[in-house]
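Chain by chain, the residues:
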Amino acid sequence: MTVNLKDRIALVTGASRGIGYFTAIELAKAGAHVVACARTVGGLEELDDAIKAVGGSATLVPFDLGDMAAIDKLGGSIFERWGKLDILVANAGVLGTISPIGHVEAKVFEKVMTINVTATWRLIRSVEPLLLKSDAGRALILSSSAAHKCKPFWGPYSASKAAVEALARTWAAETQRTPLRILCVDPGATRTAMRAQAVPGEDPTTLPHPSEVAATLMPLVGPEQSETGKLFIVRDRQIVDYRMPE
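This write-up is about the structure you can find in this document.

The rules we used
Residues numbered from 1 in each chain as written. Predicted model: local features only at pLDDT ≥ 70, side-chain atom pairs only at ≥ 80, totals over all residues. Heavy atoms only, no water. Helix = DSSP H or I, 4+ residues; strand = E, 2+ residues; numbered from the N terminus. Buried < 20%, exposed > 50% of the residue type's maximum accessible area, 1.4 Å probe, protein only. Contact = heavy atoms within 4.5 Å. Salt bridge = Lys/Arg side-chain N within 4 Å of Asp/Glu carboxyl O. Pairing = 2+ DSSP bridges.

Moving on, we come to the environment of Ser 16. Inspection of the secondary structure assignment puts Ser 16 in the loop between β1 (9-13) and α1 (18-29). By relative accessible area, which is 16% here, Ser 16 ends up buried. For the pair Ser 16 and Lys 111, spaced 95 residues apart in sequence, the C-alpha to C-alpha distance is 20 Å. Residues in contact with Ser 16, not counting those within four places in the same chain, are Tyr 21, Ala 38, Thr 40, Gly 43 and Leu 44.

Below, the structure is given as structure tokens:
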């Protein structure tokens, strides 16, 4: 399905590599101007070159998501330049350590929650007014099956993704009567640096490339997509409902 995003403004966090990098390229190919955020300046510059190569355009915003004041300023900067935001892809996140809960260092746990949860909330707070100025604002919040499976040794990451989904679902319920549509995304195991860190003995060639995941997200950010408060499972190419415990 071809999505036309001409004249749309898209913000992508964690855009210097992995799913964020290739999602930014796909958005640019579809016509959106991409506001690309990441810590790594070199990675953002490589992204800028790749976006120009497909005829797209980008604005690079290098900063650490742990810098809450920078997140607050981001919304203001986007408003001053474009007056709105059409697409948010909240992709950035950290794994922490794969370890028994009782062995996780406090500083590791706090960093996972700061980057994965607090920064996501702060980002929502910063850009929600801009998304509501769009005629068809769309937000994708990257999550993980870890939010539901709660496997041994994945405690901090699982807890952070469960919290992120709770934020996204609440936000969707609050904005249900507006044009803004919000989905969580479970990309599944993907050939990324984070996956290699989590499962170092795995053969990466057995996993989908992040470019494949990015391509599946495009129909979710177009004006035609009408679902909100749900979960998109990339492997199944399906939007599913949340449900209460049975």
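What follows concerns the pattern of salt bridges. Counting across every chain of the model gives 12 salt bridges. For Asp 135, the salt bridge identified is with Arg 8, shortest N-O distance 3.0 Å. Separated by 127 residues along the polypeptide, Asp 135 in the loop between α4 (106-131) and β5 (138-142) and Arg 8 in the segment before β1 bring together distant segments of the chain. On the basis of relative accessibility, which here comes to 56%, the residue Asp 135 falls in the exposed class. Residue class for Arg 8 comes out buried when judged on its relative accessible area of 11%. The network of salt bridges with common partners includes Arg 8, Lys 84, Asp 86 and Asp 135.

What follows concerns the pairing of strand β4 (residues 87-90). Neither face of β4 is exposed, since Ile 87 and Val 89 on one face and Leu 88 and Ala 90 on the opposite face are all buried. Strand direction decides the pairing type here: β1 and β4, joined by three bridges, are parallel. Bridge pairing in β4 links Ala 10 to Ile 87. Two strands pair when backbone bridges link them, and β4 and β5 are joined in this way by four bridges, in the parallel orientation. Bridge assignment links Ile 87 to a residue of β5, and that residue is Arg 138.

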